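Topology and contacts: notes
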Amino acid sequence: MANNPLAPGAALVASVKEDAARTQLYDTAAIQQMDSAHYLHPFTDFKALNADGARVMVRGDGIYLWDSQGRKSLDGMSGLWCVNVGYGRTRISEAVYRQMETLPFYNSFFNTTNLPAAQLAAKLAEISPPQFKHVFFAGSGSEGNDTNLRMVRRYWDILGYKERHTVISRENAYHGSTVAGASLGGMTGMHAQGGLPIPGIVHIGQPNYVESGRGMSEDEFGLLAASWLEQKILEVGADKVAAFIGEPVQGAGGVVIPPATYWPEIQRICDKYGILLIADEVICGFGRLGKWFACELFGMRPDLITFAKGVTSGYVPLGGVLVGDRVADVLIERGGEFAHGFTYSGHPVACAAALENIRIIEEEQLVQRVAEDTGPYLKQRFATLGEHPLVGYTDSCGFVAGLNLVREKSSVVHDNVSFDAALAVGMVCRGHMFNNGMIMRAVGDRMIIAPPLVMTRAQIDEMVALIRHCLDLTLADLQRRGWV
Ligand code: PXG
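Every value quoted in this text rests on a predicted model; they were computed, and no experiment measured them.

This brings us to helix H7 (residues 141-158). The end-to-end C-alpha distance of H7 is 25 Å, a good match for the 26 Å that 18 residues give at a rise of 1.5 Å each. By the criterion of burial, H7 is predominantly enclosed, with 13 of the 18 residues buried. Looking at where H7 begins, the residue whose side-chain oxygen comes 3.4 Å from the main-chain nitrogen of Ser 142 is Ser 140. Phi for Gly 160, located one or two positions after H7, is positive at around 95°.

Here it is in structure tokens:
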């Protein structure tokens, strides 16, 4: 294709939306070839991807995406849990453009600052719980959690407790991909690559009622799962534990929504032993669960909050840590220089994007909408998928939801009969979703969504109908294979 603007070596002129819409301009095979020759994708079996070729996404608008062959998809995952205000928000692109024209970069290291960073710090203090008046900026959620690890250890050092360095986390947690992030995370597949976790990080079980709560009410199980923290504290020695870290609702681990009793009991245990609490709100923050920060929903009073993703709706990278008064006062008043920071801490363009993104969330009352209108509607509509013969369990919280694919259903969730994990039924289902215009993630045999917060009631209906259709296709496929 002679005028293919994205062919290797050709000028990149397809950046305007009109060109992107003219998909005949894209030579998909050439792009895939270029991609597999040079681009090592994250969390990807490189060889397998090279054999198949990556799908080339070229355009987004609202809750929809288009690929280079003109196929439209409903993005049930908000990109990767982040495009909270939806695609194509010209206001953010313009804010970014204006900032790039004015001051594309300057560092915050040597007694300098920039206007968007200072404004965003103040804005974050305004929208977060009252104990948060300070922020440390980073470039991603992983860097935010690296910052947390160094900051909590520094906090205890300054106070003279040099032994208090252990951080307790949870199995199957996701806290990022850097060495500290992957160590704090509880993914065994990640630990197996590169000798992780690093010393001083230990894990307890996750509050997964469906997996571990047989014979108990949800509330009883929540207390039991929280008691694992106290057990671990006593095992490590209370005088050696710096902090506990957890996602209010575990995201990448499969949308694990904890019983209502869990976080208040975790908070009580942290208070009892004086341990810092870190809420990793990289997914849960910025309205996803119907509050600016999900700790407000669950009775948590964290000392630190990790954020990223929704702070800019993913338009440009930004992450960091909200630092509560308990830690900030010690660092500021007694700490001297904190020897930590990134070139892009407080990047003016990223902060400008965040400010405009937050303005949109406020003006369109997206947090309130998720709490009072579209969140409850999603819960009600998504629950109807529980009637499908393949679906053993559904649940949701704000704008995250999940359903479990099972071989045989029972009225008691713990008596559902699972598929053999080796069949990878979740991936079969994900394939049908992907090929039929529905982007939904599979975590084992649990299918999960985290749609853009701008999704309307009509679009929720459209999404649920599309998911049901793809579940039908999955069932027919499994029947053909003789797996059901
Ligand atoms: N904490 C949480 C709770 C996350 O979900 C990170 C930290 C790391 O953020 P960065 O910006 O460094 O990626 C995340 C990221 C998935 C998936 O498969 C989820 C994430 C990243 C990649 C894949 O669901 N979450």
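Bringing the pattern of salt bridges into the picture now. In a structure, side chains of opposite charge can pair up when their charged atoms sit close to one another. The tally for this structure, following the rule as stated, stands at 22 salt bridges. A salt bridge links Lys 240 to Glu 163, with the shortest nitrogen-to-oxygen separation between them at 3.9 Å. Of this pair, Lys 240 sits in the loop between helix H11 (218-236) and strand S7 (241-246) while Glu 163 sits in the loop between H7 and strand S5 (166-170); the two residues are 77 residues apart in sequence, bridging distant segments of the chain. Between Arg 381 and Asp 461 there is a salt bridge; the shortest N-O distance is 3.5 Å. In this pair, Arg 381 is assigned in helix H17 (residues 374-383) and Asp 461 in helix H19 (residues 457-481), connecting sequence segments 80 residues apart.

Not every one of the 16 residues close to the ligand is listed here, only the nearest: Trp 81, Gly 141, Ser 142, Asp 280 and Arg 441. Ser 142 has a polar side-chain atom sitting 2.5 Å from an oxygen atom of the ligand. Taking Asp 280, its side chain carries an N or O atom lying 2.7 Å from a nitrogen atom of the ligand. Surface burial for the ligand is 83%, taken as the share of its 540 Å² of free accessible area covered by protein chains. Among the elements of the structure, helix H4 (78-81) and H7 are those that each provide at least two residues to the shell around the ligand. The greatest single-element share of the shell around the ligand, amounting to three residues, is contributed by H7. When residues of the shell around the ligand are assigned to domains, at least three map to each of domain 1 (7-85 + 367-481) and domain 2 (91-363).

Right, let's talk about the sheet that holds strand S2 (residues 64-67) for a bit. Here we have four strands laid out as an open sheet, ordered S1-S2-S3-S13, and mixed in their pairing. Each of the sheet's edge strands pairs with one partner strand only, and the pair in question is strand S1 (57-61) and strand S13 (438-439). Examined bridge by bridge, S2 and strand S3 (residues 72-75) share three bridges and lie antiparallel to one another. Considered in S3, the bridge of Leu 65 is made with Ser 73.

Volume-wise, the second largest pocket comes out at about 850 Å³. Broken down by secondary-structure element, the contributors of at least two residues to the lining of the second largest pocket are helix H6 (115-127), strand S4 (132-138), H7 and helix H14 (325-334). Per-element accounting of the lining of the second largest pocket gives the leading share, four residues, to S4. When the residues that make up the lining of the second largest pocket are grouped by side-chain class, the tally is 16 nonpolar, 10 polar and two charged.

This part is about the pairing of S2. Residue alternation in S2 divides its side chains into two sets, Tyr 64 and Trp 66 and Leu 65 and Asp 67, and both sets are buried. Note: S1 against S2, four bridges, orientation antiparallel. Of the residues in S2, the one forming a bridge with Arg 59 is Trp 66. Linkage of S1 to S2, two consecutive antiparallel strands, is achieved through a turn of two residues, within which Gly 62 is found at a positive phi near 65°. If you look at the hairpin formed by S2 and S3, you'll find four residues sitting between the two strands, and Gly 70 has a positive phi there, around 85°.

The next thing to look at is the pairing of strand S11 (residues 391-397). Burial of S11 is extensive: seven of the seven residues sit out of reach of the surface. Examined bridge by bridge, S11 and strand S12 (residues 400-405) share six bridges and lie antiparallel to one another. Within the sheet, the bridge partner assigned to Cys 397 lies in S12 and is Val 400. Linking S11 to S12, which pair antiparallel, is a turn of two residues; within it Gly 398 sits at a positive phi near 55°.

Cut-offs applied
- Residues numbered from 1 in each chain as written.
- Predicted model: local features only at pLDDT ≥ 70, side-chain atom pairs only at ≥ 80, totals over all residues.
- Heavy atoms only, no water.
- Helix = DSSP H or I, 4+ residues; strand = E, 2+ residues; numbered from the N terminus.
- Expected span 1.5 Å × (residues − 1).
- Buried < 20%, exposed > 50% of the residue type's maximum accessible area, 1.4 Å probe, protein only.
- Polar contact = N/O pair within 3.5 Å; in protein donor to acceptor, adjacent residues only side chain to side chain.
- Salt bridge = Lys/Arg side-chain N within 4 Å of Asp/Glu carboxyl O.
- Near = heavy atom within 4 Å.
- Areas by Shrake-Rupley, 256 points an atom, 1.4 Å probe, with all protein chains shown as cover.
- Domains from an automatic or database assignment.
- Pairing = 2+ DSSP bridges.
- 1 Å grid on protein atoms, 1.4 Å probe; cavity = no way out; pocket = protein on both sides within 12 Å on 5 of 7 lines; lining within 4 Å.
- Points joined across faces, edges and corners; volume = space filled by probe spheres on them.
- Nonpolar A, V, L, I, M, F, W, Y, C, P; charged D, E, K, R; others polar.

Note that every value here comes from positions in space, so none of it alone points to a role or purpose.
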